[in-house]
Amino acid sequence: MTAVEAEKHEGEMARTSVQDLSTDEAPRPAEAGSATGRWLRFLIPVLMLVGLIVVWQVYVMVYDVPHYILPSPVRVAQALAADWPVLLSALWVTLTITLKALVIALVGGVALAILMAQSKWIELALYPYAVILQVTPVVAIAPLILIYTPTTQAAILICAWIVAFFPVLSNTTQGLRSTDHNLLNLFELYRASRWQTLIFLQLPNALPYFLAGLRIAGGLALIAAVVGEFAAGTAGAGSGLAFRLLESQYRLNIPRLFGALILLSLTGVLIFAATSLVSHLLLRKWHESAVRREN
Amino acid sequence: MNTAAIATAPDPTTASHAPLVSLRGVSKTFSNGTVALQNMSLDIGEREFVSLLGPSGCGKSTALRIIAGLGDTTSGTITWPGVRDDTTAKSRHEIGFVFQEPTLMPWATVFNNVWLPLRLRGVSRSAARGDVMEALGMVGLEKFADSYPRELSGGMKMRVSIARALITRPKLLLMDEPFAALDEITRFKLNNDLLHLWEKFGWTVIFVTHSVFESVYLSSRIVVMASRPGRVIDELAIDAPYPREEEFRTSSIYNEYCRKTSDALHAAMEGSEHR
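So, here's what we can say about the structure. (Residues numbered from 1 in each chain as written. Chains lettered and ligands numbered in written order. Predicted model: local features only at pLDDT ≥ 70, side-chain atom pairs only at ≥ 80, totals over all residues. Heavy atoms only, no water.)

This brings us to the sheet that holds strand S4 (residues 75–79) of chain B. Residue and element names in this part refer to chain B. The three strands lie next to each other as S2-S1-S4, forming an open sheet whose pairing is antiparallel. Only two strands of the sheet have a single partner each, and these edge strands are strand S2 (35–44) and S4. On average, adjacent strands in this sheet sit at an angle of 15° to one another, irrespective of strand direction. Bridging between strand S1 (residues 21–29) and S2 involves six bridges; their strand directions are antiparallel. In the sheet register, lysine 28 faces S2, and the bridge partner there is leucine 37. Across the sheet, helix H2 (residues 60–68) lies against S1, S2 and S4, angled at about 120° from S1, the strand it touches most. (Pairing = 2+ DSSP bridges. Helix = DSSP H or I, 4+ residues; strand = E, 2+ residues; numbered from the N terminus. Axes fitted to C-alpha atoms, helices over the stretch in contact; angles between N-to-C directions. Contact = heavy atoms within 4.5 Å.)

In structure tokens:
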């Protein structure tokens, strides 16, 4: 067998073994015999949740805790059901602001990162202000923003954007900068234009960094939407979950407060799950973070 | 790239005998004051297989990059007498470069990695398909067009890198210690494959290495370099006929050349120590 054939053969073997492993997931004792393993992965968190709720319910019943201190899960569920229209419209407001802020942060963060990657001078001129925006507590800037913006909603949107913007910007910048120097040399050798280098090399290279920034920004946008609303002090119809939280507290309607909290947590979890899914789908073919380790 | 240093083509009748690329008094000093290359003069003829051999820091990689047009010279000239219709653009198109690492884009399939040089010239995927598959065929990797680099072994990645360098059908192939990170068995295989391709296609190869054995096995000529400052010390012609196969590795001629080259390299290294 010649050398070429030998390595071809070796390669073919490597390939078939890769296919074997991907189609046949059974021989992984650590993750249990596939079917039961998958069931357990689903079952354990659910059982844990049900257990916690039962303990909570029993605790409230046994110690007869007043509902304005700690409502039982049943009462919270009742509140959720009864106040559903109010809570849902509040959730919708908060969610809209969060997603809008996130989208603007993504577009703006990536655009600014690309701009800064084009020239050291632009970076020197702009980056300090991005840092200043980030390190100044958003609650402290909120009163000013409120004065300058026409509506409270716009003010909250800006607060959420400021907070979500920085992780996207700094991660994408880092990703654009960490391009392999030899690949840059290769692009230079083949006389790639600046645009080609950006599209074919720098942006794909920055993708994992950007996606890590996206996951952070998604959570932060929600947090900032709530904090922004606290700071802005909205009231009445058209306000978000933060206002409903405060209102429930003033009225000692603790079951509704819990209901609003649960909705907020669920939203946060959903945003995290969605951004993680996007990240996984985009990286699963090639990036070490998303590829299952096989050994 | 030092455009001014590129001269126009000489008389076409002598072009085939003229060197393909010619370095005259080339020096390179880095911004930190390190003299990477001092007064290097070298002619590379068409269809030659020249190795630049030397200890690390002797400027052999720097010389290769300068020939590729990556980075300027501090002084000296590079001319391309053997390239007709000589322009910077033209000569660059005829260069293939293989780095020490495979330098593949991890997010792109093997096909897309090899397609890259053509893609940058505006050749569409479908128009490039034939060329890409042919280049992959040369290195025996047609079946891996849709694999990602992370799924390949080190030797296979290097083959992809070579296929990518070959796809533009370069006249001159520059290789910067391409097999240094591979195990010996794979390196021997790739040495043989490279020689076969070179004999078949008749490119000019400049091959940077720090291995005496590799350089003797592959080259028609070895340029021995010394470090601090990087400079050419010696030149040896390896007159053993091609094709060279595994028997050559165990022949007495091969051993003789290895000993000579080794001596030249030691002389070069001692020379720099006494400075």
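Moving on from the coordinates now.
All names here are of chain B. For isoleucine 67, the position within the fold is in helix H2. Overall, isoleucine 67 belongs to the buried group, its relative accessible area being 2%. Once you skip the residues sitting within four places of it in the chain, isoleucine 67 turns out to touch Val21, Leu23, Trp80, Ile95, Leu172, Leu174 and Ile206. (Buried < 20%, exposed > 50% of the residue type's maximum accessible area, 1.4 Å probe, protein only.)

Moving on, we come to the interface of chain B and chain A. Every contact between the two is made by 38 residues of chain B and, on the other side, 29 residues of chain A. Taking both sides of the interface into account, the surface hidden between chain B and chain A amounts to around 3300 Å²; carbon and sulfur atoms contribute 61%. Along the contact surface separating chain B from chain A lie one salt bridge. Of the charged contacts, one joins glutamate 288 of chain A and arginine 150 of chain B as a salt bridge, the two residues approaching to 3.6 Å between their closest N and O atoms. Here chain B is connected to chain A by two residue pairs in polar contact (both at pLDDT 80 or more). Residue assignment for the side of chain B that touches chain A shows that the elements contributing at least two residues are H2, helix H3 (88–93), strand S5 (95–98), helix H4 (110–120), helix H6 (154–166) and helix H7 (184–201) of chain B. The leading source of residues in the side of chain B that touches chain A is H6 of chain B, at five residues. Broken down by class, the residue content of the side of chain B that touches chain A amounts to 17 nonpolar, ten polar and eleven charged. (Buried area = accessible area lost by both parts, 1.4 Å probe. Salt bridge = Lys/Arg side-chain N within 4 Å of Asp/Glu carboxyl O. Polar contact = N/O pair within 3.5 Å; in protein donor to acceptor, adjacent residues only side chain to side chain. Nonpolar A, V, L, I, M, F, W, Y, C, P; charged D, E, K, R; others polar.)

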